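Examination of the molecular architecture
Okay, here's what each chain looks like letter by letter:
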Amino acid sequence: IYFSNTLYVFLQTLLAVTFIIFFFAIDNTLYWRKKKLLGLILIFPVLCIGLILSTPFTKYIFYFDASRVYFHGSLFFINYIVFLYSLFVVLIYIILNRNSISCEVLLPIAFFCLSITAAVCLQAIYPKYLLSGVAVSLAVQVFYKVFEDPYELKENITGLYNNTALNQHLRDME
């Protein structure tokens with residue numbers, strides 16, 4: 001029982017860390033020049049991951065009583081703080097680099113920021129439901145769409161979708 005719950009909470013927190021690294025990787029110059037800054041930003045989420053992995057022994061994040069009923073531990077709220085911290089870091093990054101981020105990347109970023117904020121808030125209000133899993137699913141979809149390069153699917157002269165785009169769309173429909 002501890003393994004599956006620890007894995008679930010671990011993956012949620014790992015998503016927050018991935019979220020930070022992804023947006024720093026958008027601007028290669030910032031990412032490679034500021035390794036110390038990235039390390040300082042990631043200290044808090046990495047410490048939280050360590051805390052989550054120690055949960056079966058410490059029971060800080062969650063625990064089960066003798067009748068195997070799930071309870072939140074005294075530090076369960078730290079999951080919300082990690083997500084909000086990651087969101088804050090990314091929003092600061094967007095504000096500082098708004099001129100170098102294209103609209104095609106900015107829209108998925110904004111969508112993801114709004115969806116993760118809504119999921120974390122709803123999860124805090126309704127702790128019985130695992131709503132943050134929906135946000136994780138949306139994150140995977142957003143990452144897929146952002147990594148898919150739309151320029152390689154368009155013709156340079158006309159700006160219309162090319163044969164590669166048609167073939168990819170037909171494969172997706174199968």
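Residues numbered from 1 in each chain as written. Predicted model: local features only at pLDDT ≥ 70, side-chain atom pairs only at ≥ 80, totals over all residues. Heavy atoms only, no water.

1. Section: the side chain of Thr-55
- Note that Thr-55 resides in helix H4 (residues 55-58).
- Excluding anything up to four places from it in sequence, Thr-55 contacts Tyr-2, Ile-61 and Phe-62. (Helix = DSSP H or I, 4+ residues; strand = E, 2+ residues; numbered from the N terminus. Contact = heavy atoms within 4.5 Å.)

2. Re the packing of aromatic side chains
- Per the counting criterion, the structure on display carries six aromatic pairs.
- Seen from their ring centres, Phe-62 and Phe-64 are 6.1 Å apart, and the 80 degrees between their planes marks the pair as edge-to-face.
- Using a relative accessible area of 0% as the deciding quantity, one classes Phe-62 as buried.
- On the accessibility criterion, Phe-64 (14% relative accessible area) is buried.
- Ring geometry for Tyr-63 and Phe-71: centres 5.5 Å apart, planes at 20 degrees, overall stacked. (Phe/Tyr/Trp six-rings, centres within 6.5 Å; stacked < 30°, edge-to-face > 60°. Buried < 20%, exposed > 50% of the residue type's maximum accessible area, 1.4 Å probe, protein only.)

3. Observations concerning a nonpolar patch on the surface
- Together, Phe-3, Leu-7, Leu-11 and Leu-14 line one region of the surface with nonpolar side chains, adding up to about 390 Å² of accessible area.
- Mapped onto the secondary structure, Leu-14 falls in helix H1 (residues 2-26).
- For Leu-14, a relative accessible area of 32% gives the class partly exposed. (Patch = residues over 30% accessible without salt bridge, like charges linked within 9 Å, V, L, I, M, F, W, Y side chains within 5 Å. Areas by Shrake-Rupley, 256 points an atom, 1.4 Å probe, with all protein chains shown as cover. Salt bridge = Lys/Arg side-chain N within 4 Å of Asp/Glu carboxyl O.)

4. Here we look at the packing of helix H3 (residues 35-53) against helix H5 (residues 78-96)
- Close contact between H3 and H5 brings their axes to 11 Å; oriented N to C, the two are set at 160 degrees. By the angle between their directions, the pair H3 and H5 is classed as roughly antiparallel. Note that H3 runs across H5; the crossing there is left-handed. Every residue of H5 that contacts H3 at Leu-40, Ile-41, Phe-44, Pro-45, Cys-48, Leu-51 and Ile-52 is listed here: Ile-78, Asn-79, Ile-81, Val-82, Tyr-85 and Val-89.
- Across the contact of H3 with H5, the residue classes tally to twelve nonpolar, one polar and no charged. (Axes fitted to C-alpha atoms, helices over the stretch in contact; angles between N-to-C directions. Parallel < 35°, antiparallel > 145°, perpendicular 65-115°, else oblique. Left-handed = near helix turned anticlockwise from the far one by under 90°. Nonpolar A, V, L, I, M, F, W, Y, C, P; charged D, E, K, R; others polar.)

5. Observations regarding unusual backbone geometry
- Look at Lys-59: it is not a glycine, yet its phi comes out positive at around 60 degrees.
- Take Lys-59: it is sitting in the loop between H4 and strand E1 (62-64).
- We classify Lys-59 as partly exposed; its relative accessible area is 37%.
- One non-glycine residue with positive phi stands out, namely Arg-68, at about 65 degrees.

Interpretation note: all reported values are geometric properties and have no functional meaning in isolation.
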